[in-house]
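# What the coordinates show
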Amino acid sequence: MENIERLIINRDTCVGCSLCVNDCPSKALRMTDDGLEYIGRCLECGHCVAVCPTNSITMPVLDMDGVVEYNPATFDLKPEALLNTMKFRRSIRFFSNVEIPEPVLMQMLEAGRHAPTASNTQKSRFIVLQKDLPRFKELFWEGLPATIEKMKAEGSPALAAFERFLHNYNTKNFDNFFFNAPAMFLIVTDNLWDAGLASANIELMGHALKIGSLHNGFLKRAIPANPKLMEFLGLGENETISVVMLAGRSGVTYSRTAPRKPAKFEIR
Ligand SMILES: Cc1cc2nc3c(=O)[nH]c(=O)nc-3n(C[C@H](O)[C@H](O)[C@H](O)COP(=O)(O)O)c2cc1C
């Protein structure tokens, strides 16, 4: 065994096939007469680990326990089923307030952190409030009038909706922000693209686990506007919440997929 910074290459099992060398996006590996060598500039994408036919590369800086051997029986999806799953996912606005078991939350988070990230930075933080959500909601509603005043001063385009939501809450006890959801996911990163991909994974995984979700642009706007909420989340002023998503069992059952606008596709 040879310990070379980020990579451990098992020379006893390496067959010198160069698949890792060819697939490495940062050209961090080379094959020499003495065997595989690490040059440097590793992106820590783990492709070398994934592509090696003899499982001869370990990356101690990464979570090797999460690596799973490919097995067609448990990895391959039927394309039709995958598309139907994607088409059948719905934004849920009627949650039943049943707690999501922690292993289910963990599976959703696991799906999120396996999404690709720009330059493989994997810098997103994932926060889930479930036990703490009731306290968070109290702080949210306490602070909402002040948030609305701020929005008035700024001429925010979301002001009318916020005022209506507060009115609905006060007069009808209807919550247009949290919709009775038992859990809330936040993705903290300044890269919206990363956050979008991670949240799509979380949402689809949730769907497979019978957990519905709702991306919530109103909460995404409201939370950073209230310093007490940011403090409650343990977030500094310079940290960006890019996704807020509610999650929980759906109180609505759908019988079919929803229609979309006519497609605007170009294949040329
Ligand atoms: C980025 C984003 C933000 C959203 N914000 C809200 C929101 O604040 N409140 C809400 O009720 N729905 C919100 N939605 C849900 C959309 O309205 C919903 O995706 C759309 O109506 C299509 O419905 P479907 O997701 O069931 O296909 C949001 C969706 C996205 C992608």
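Further up the page is the structure itself.
Summary of the structure given here. (Residues numbered from 1 in each chain as written. Predicted model: local features only at pLDDT ≥ 70, side-chain atom pairs only at ≥ 80, totals over all residues.)

## What about the overall build of the protein chain?
Along its length, the protein chain carries 10 helices and 10 strands. Dimensions of the protein chain, computed from the C-alpha atoms along their principal axes, are close to 75 × 45 × 45 Å. In the protein chain, which comprises 268 residues, the share counted as buried stands at 23%. (Helix = DSSP H or I, 4+ residues; strand = E, 2+ residues; numbered from the N terminus. Buried ≥ 20, exposed ≤ 12 C-beta atoms within 10 Å, placed from the backbone.)

## Some words on the packing of helix α6 (residues 133-154) against helix α7 (residues 159-172)
Helix-helix packing: each pair is described by the crossing angle between the helix axes and the interaxial distance. One can describe the packing of α6 onto α7 by two numbers: an axis separation of 10 Å at closest approach and a directional angle of 155°. As summarised for this structure, α6 and α7 are arranged roughly antiparallel, according to the angle between their axes. Once α6 is placed against α7, the crossing between them reads as left-handed. Contacts between α6 and α7 involve Trp141, Leu144, Ile148, Met151 and Lys152 from the former and Leu159, Phe162, Glu163, Leu166 and Tyr169 from the latter. (Axes fitted to C-alpha atoms, helices over the stretch in contact; angles between N-to-C directions. Parallel < 35°, antiparallel > 145°, perpendicular 65-115°, else oblique. Left-handed = near helix turned anticlockwise from the far one by under 90°. Contact = placed C-beta atoms within 7 Å.)

## Examining the site of the ligand
With respect to spatial proximity, the complete set of residues near the ligand consists of Arg90, Ser91, Arg93, Leu214, His215, Asn216, Gly217, Phe218 and Ala258. Residue assignment for the shell around the ligand shows that the elements contributing at least two residues are β9 (212-215) and α9 (217-222). The class makeup of the residues in the shell around the ligand is three nonpolar, four polar and two charged. (Near = placed C-beta within 6 Å. Nonpolar A, V, L, I, M, F, W, Y, C, P; charged D, E, K, R; others polar.)

## Quick look at the nonpolar core
If you look at the biggest cluster of nonpolar residues, it comprises 32 residues, and the most contacted ones within it are Phe185, Val244, Met245 and Leu246. Taken together, the elements giving at least two residues each to this core come down to α5 (102-113), β7 (125-129), α6, β8 (183-188), α8 (192-208), α9 and β10 (241-250). Here this core takes six residues from β10, the largest share from any one element. Setting aside residues no more than four positions away along its own chain, Phe185 makes contact with Phe126, Val128, Ile202, Met245 and Ala247. Within the second largest apolar cluster, 12 residues are counted, among which are Ile9, Cys24, Cys48 and Ile57. (Core = buried A, V, L, I, M, F, W, Y, C linked by C-beta atoms within 7 Å.)

## A word on the environment of Glu102
Within the element layout of this structure, Glu102 appears in helix α5. Here Glu102 falls in the exposed class, since 11 other C-beta atoms lie within 10 Å of it. The spacing of Glu102 and Gln130 is 28 residues in sequence and 9.5 Å in space, taken between C-alpha atoms.

## Observations regarding the pairing of strand β4 (residues 35-38)
Here four bridges tie strand β3 (residues 29-32) to β4, and the two strands are oriented antiparallel to one another. Along β4, the bridge assignment pairs Leu29 with Tyr38. Remark: two residues form the turn of the hairpin made by β3 and β4, two consecutive strands paired antiparallel. (Pairing = 2+ DSSP bridges.)

## Concerning the packing of α5 against α8
The N-to-C vectors of α5 and α8 enclose an angle of 145°; their axes lie 7 Å apart at closest approach. α5 and α8 meet at a crossing whose hand is right-handed. The segment α5 lies against α8, with Gln107, Met108, Ala111 and Gly112 engaging Ala198, Ser199, Asn201, Ile202, Met205 and Gly206. The residue makeup of the contact of α5 with α8, split by class, is five nonpolar, five polar and no charged.

## Some points on unusual backbone geometry
For Asn173, which is not glycine, the phi torsion reads 55° and is therefore positive. Here Asn173 lies in the loop between α7 and β8. For Asn173, a count of 7 C-beta atoms within 10 Å gives the class exposed. For Lys210, which is not a glycine, the phi torsion comes out positive at approximately 65°. Mapped onto the elements of the fold, Lys210 is located in the loop between α8 and β9. What makes Lys210 exposed here is the crowd of 9 C-beta atoms within 10 Å.

## Focus on α8
For α8, with 17 residues, the first-to-last C-alpha span of 24 Å sits near the 24 Å given by 1.5 Å per residue. When we look at burial in α8, the residues that qualify are Asp194, Ala195, Ala198, Ser199, Ile202, Glu203 and Gly206. Viewed along the axis of α8, the buried residues span an arc of 160°, placing them on a single side of the element. Looking at the buried residues of α8, the elements they touch are α5, β8, β9 and β10. Residue Lys210 follows α8 closely and has a positive phi angle near 65°. (Expected span 1.5 Å × (residues − 1). Arc of directions from axis to C-beta.)

All we've got here are geometric facts, nothing functional implied.
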